[in-house]
Amino acid sequence: MSDLLSARGITKDFTLDQTRVEVLKGVDVSVAAGELVAVVGASGTGKSTLLNIIGTLDEPTGGEVRFDGDDLFALDDKRQAAFRNRELGFVFQFNQLLPEFTAVENAAMPLLLQGLADARERARELLVRVGLEDRLEHRPGELSGGEQQRVAIARALVARPRLILADEPTGNLDSRTGDRVFELLAELGTDVGSAILMVTHNEQLAGRCGRVLHMVDGLLGKPAP
């Protein structure tokens, strides 16, 4: 099975109070099409930084990220934006829904930005699948935390992206709601054929993924048995 995503030798440094801080120290990670991979580890070990780099929201200090063979950081801004809009779905812990828009409008946003005429219909179909058929015209402030996160999952999947990055998608939810959100993400990701790279503190959820990698002090590897 060939890799859809391949990151090699990823480093990331920051300067804090004139002190150089190494967040990532040479991370290698790959994900094949249709694969669900979890990254676990303590807070501050660089997990979210890694996702932001893979999603081209941040630049690495060193190393390369390849998606379907293309070096993402060799692309110009326009082609990077096309990657984020068409190939990538991002699910955040805090769902980042737009408060002035309805559930349908939020879920349809990636397709609306592409100018697709059937954007709202495709969003409605996904929202029905995640159990929000009675909440389509509600705004985020009128939805529970679990409902908001289900809208965020629909938004991430509506463009049928080949890669989903999920940063603590259940971290702000109670365990029962978090389990359901994870199940929906995994189920819909499989239906779409997306590769999923998920950061989580929840070792139980991580154990339900195809592979589990452990981030420790800016390095990534398999958890100790």
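Each remark here, short or long, concerns the structure printed above.
Remember, predicted model here, so these are calculated numbers, not experimental data.

**Remarks on the sheet that holds strand β7 (residues 163–167)**
Working step 1: Judged by pairing direction, the sheet is mixed, and its six strands sit side by side in the order β6-β7-β8-β3-β9-β10 without closing on themselves. Two strands lie at the open edges of the sheet, namely β6 (88–91) and β10 (219–221), each paired on one side alone. Going across the sheet, the axis of each strand differs from the next one's by a mean of 20 degrees, ignoring polarity.
Working step 2: In the sheet, strand β3 (residues 36–40) pairs with strand β9 (residues 211–216) via four bridges, with the strands oriented parallel. Paired with Val 39 across the bridge in β9 is Leu 213.
Working step 3: Where helix α2 (residues 77–87) meets the sheet, it contacts β6 and β7, and its direction lies at approximately 70 degrees from that of β6.
Working step 4: Contacts from helix α6 (residues 175–192) reach β3, β6, β7 and β8 (195–199), with the element oriented near 160 degrees to β8.

**Describing the nonpolar core**
Working step 1: Val 91, Leu 127, Val 151, Ile 153, Leu 185 and Met 198 are the most contacted members of the largest nonpolar core, which totals 40 residues.
Working step 2: Those elements that place two or more of their residues in this core are β3, α3 (103–113), α4 (119–129), α5 (145–157), β7, α6, β8 and α7 (203–206).
Working step 3: One finds Val 29, Leu 50, Val 65 and Phe 92 within the second-largest nonpolar core, a separate group that totals 31 residues.

**Remarks on the pairing of strand β2 (residues 19–32)**
Working step 1: Relative to β2, strand β1 (residues 3–16) runs antiparallel, the two being bridged by eleven bridges. In the strand pairing of β2, Ile 10 is matched with Val 27.
Working step 2: Hairpin connection, β1 to β2: the antiparallel pair is bridged by two residues, and Asp 17 has positive phi, about 55 degrees.

**Points about the side chain of Lys 47**
Working step 1: By the element assignment, Lys 47 lies in helix α1 (residues 47–54).
Working step 2: There is no salt bridge for the buried Lys 47, and the closest opposite charge comes from Glu 168, which lies 4.9 Å off by N-O distance.
Working step 3: Polar contacts involving the side chain of Lys 47 include one to the main-chain carbonyl oxygen of Gly 41, which spans 3.0 Å.
Working step 4: Beyond its immediate sequence surroundings of up to four residues, Lys 47 is in contact with Val 39, Val 40, Gly 41, Ala 42, Glu 168, Val 199, His 201 and Met 215.

**Thoughts on the layout of surface pockets**
It is the rolling of a water-molecule-sized probe over the atoms that shows where space remains empty.
Working step 1: Looking at the largest pocket, its volume works out to about 510 Å³.
Working step 2: Around the largest pocket sit 20 residues that line it, and Arg 84, Asn 85, Phe 90, Pro 110 and Arg 155 are the ones nearest its centre.
Working step 3: Secondary-structure elements contributing two or more residues to the lining of the largest pocket are α2, β6, α3 and α5.
Working step 4: Considered class by class, the residues forming the lining of the largest pocket number twelve nonpolar, four polar and four charged.
Working step 5: Taken as a whole, the second largest pocket encloses approximately 180 Å³ of empty space.
Working step 6: Forming the boundary of the second largest pocket are Arg 122, Glu 125, Leu 126, Arg 129, Leu 157, Val 158, Arg 160, Leu 188, Asp 191 and Val 192.
Working step 7: Going through the elements one at a time, α4 and α6 are the ones with two or more residues in the lining of the second largest pocket.
Working step 8: Sorting elements by how many residues they give to the lining of the second largest pocket places α4 first, with four residues.
Working step 9: Along the lines of polarity and charge, the residues of the lining of the second largest pocket split into five nonpolar, no polar and five charged.

Reading the values: the criteria
Residues numbered from 1 in each chain as written. Predicted model: local features only at pLDDT ≥ 70, side-chain atom pairs only at ≥ 80, totals over all residues. Heavy atoms only, no water. Pairing = 2+ DSSP bridges. Helix = DSSP H or I, 4+ residues; strand = E, 2+ residues; numbered from the N terminus. Axes fitted to C-alpha atoms, helices over the stretch in contact; angles between N-to-C directions. Contact = heavy atoms within 4.5 Å. Core = buried A, V, L, I, M, F, W, Y, C linked by side-chain atoms within 4.5 Å. Buried < 20%, exposed > 50% of the residue type's maximum accessible area, 1.4 Å probe, protein only. Lys, Arg positive; Asp, Glu negative; His and termini not counted. Salt bridge = Lys/Arg side-chain N within 4 Å of Asp/Glu carboxyl O. Polar contact = N/O pair within 3.5 Å; in protein donor to acceptor, adjacent residues only side chain to side chain. 1 Å grid on protein atoms, 1.4 Å probe; cavity = no way out; pocket = protein on both sides within 12 Å on 5 of 7 lines; lining within 4 Å. Points joined across faces, edges and corners; volume = space filled by probe spheres on them. Nonpolar A, V, L, I, M, F, W, Y, C, P; charged D, E, K, R; others polar.

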